[in-house]
Amino acid sequence: GESVGLHLPTLSVQEGDNSIINCAYSNSASDYFIWYKQESGKGPQFIIDIRSNMDKRQGQRVTVLLNKTVKHLSLQIAATQPGDSAVYFCAENQMKTSYDKVIFGPGTSLSVIP
Amino acid sequence: GAGVSQSPRYKVAKRGQDVALRCDPISGHVSLFWYQQALGQGPEFLTYFQNEAQLDKSGLPSDRFFAERPEGSVSTLKIQRTQQEDSAVYLCASSLGHLQNSNQPQHFGDGTRLSIL
């Protein structure tokens, strides 16, 4: 079936460097994507979202890029900090008849090296 | 509080026992979701409520799983005759809107970690 997946299960970066987390999706009809951050023992926390009519969206230290041609999504974190260590999930919005259903990918674990 | 609250945070039960997990969504949020998260995996959809109506229960693994939201606010996920494979973190999320394609992000609680011995 259609799903959202990630290219890399783990990523280690040096503190201060930029991080890039990638995500591939297969449902070309999806029109809304969300990135979540999950720290150990906590629930997923919304980071940033993007609609399919956009290519790029920026937040505080984070940027999401959407390439609809190749169905690819990425999350860029600038000046990565130890507090950024977590598992990052991309999620895809699938429209149902009465509500929007979010499908999560398997996640990428980001480790920041001090 | 301002966020989604789940209780208990941890639950240990013996195989065969029934358990009940509670979710208090953000006040005013129409939509409520339950997810199951296995270790090292992303959340897997279980069921969806729009106010008190359960509109989608396609993700419930078996008829041992039952969810309700009788007054359109607090929700309970019940698992009967628990089995070891039910061990997981159960997450609840709520969102403000319910309209199709409303693109509302979901707000998650910290989950209940269920361990079946």
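Residues numbered from 1 in each chain as written. Chains lettered and ligands numbered in written order. Predicted model: local features only at pLDDT ≥ 70, side-chain atom pairs only at ≥ 80, totals over all residues. Heavy atoms only, no water.

A.B. asks: How should the pairing of strand β3 (residues 19-25) of chain A be read in this particular structure?
C.D. replies: On a regular strand, each side chain points to the face opposite its neighbour's, so the side chains alternate between the two faces of the sheet. Residue and element names in this part refer to chain A. Alternating positions in β3 separate cleanly, S19, I21, C23 and Y25 being buried on one face and I20, N22 and A24 remaining unburied on the opposite face. Relative to strand β8 (residues 72-77), β3 runs antiparallel, the two being bridged by 6 bridges. Pairing of C23 across the sheet is with L73, part of β8. (Buried < 20%, exposed > 50% of the residue type's maximum accessible area, 1.4 Å probe, protein only. Helix = DSSP H or I, 4+ residues; strand = E, 2+ residues; numbered from the N terminus. Pairing = 2+ DSSP bridges.)

A.B. asks: Would you mind going over the pattern of salt bridges with me for this structure?
C.D. replies: When the charged atoms of two side chains lie near each other, side chains of opposite charge can form a pair. Per the counting criterion, the structure on display carries 6 salt bridges over all chains. A:R57 is the partner of A:D49 in a salt bridge, and the nearest nitrogen-oxygen pair spans 2.2 Å. You can call A:D49 buried: its relative accessible area is 11%. Among the ionic pairs, B:D86 bridges to B:R64, the shortest N-O distance being 2.8 Å. Here B:R64 lies in the loop between β6 (53-56) and β7 (65-68) and B:D86 lies in the loop between β8 (75-79) and β9 (88-95), a separation of 22 residues in the sequence. (Salt bridge = Lys/Arg side-chain N within 4 Å of Asp/Glu carboxyl O.)

A.B. asks: Please clarify how the environment of A:Y88 should be interpreted in this entry.
C.D. replies: Mapped onto the fold, A:Y88 is located in strand β9 (residues 86-95). For A:Y88, a relative accessible area of 2% translates into the label buried.

A.B. asks: Could you clarify how one ought to interpret the sheet that holds strand β1 (residues 5-7) of chain B in this entry?
C.D. replies: Across a sheet, paired strands are connected by hydrogen bonds in the backbone, their directions being either parallel or antiparallel. All names here are of chain B. What the 4 strands build is an open sheet, ordered β1-β3-β8-β7; its pairing is antiparallel. Single-partner strands in this sheet number two, and they are β1 and β7. For this sheet the average axis-to-axis angle between neighbouring strands, irrespective of direction, equals 15°. Sheet topology note: the strand β3 (residues 19-24)/β8 ladder contains 5 bridges and is antiparallel. If you follow V19 over to β8, its bridge partner there is I79. (Axes fitted to C-alpha atoms, helices over the stretch in contact; angles between N-to-C directions.)

A.B. asks: Hey, could you run me through unusual backbone geometry in this one?
C.D. replies: Backbone geometry follows two general trends: most residues other than glycine have a negative phi, and most peptide bonds adopt the trans configuration. With an omega of -5°, the peptide bond running from B:S7 to B:P8 counts as cis. Relative to the assigned elements, B:P8 resides in the loop between β1 and β2 (10-13). Unlike most non-glycine residues, A:A79 shows phi in positive territory, near 50°. Of note, A:A79 is situated in the loop between β8 and β9. In the Ramachandran plot, B:R81 falls in the positive-phi region, its phi being about 45° despite a non-glycine side chain. Structurally, B:R81 can be placed in the loop between β8 and β9. A residue is classified by how much of its surface remains accessible, and B:R81, at 45% relative accessible area, is partly exposed.

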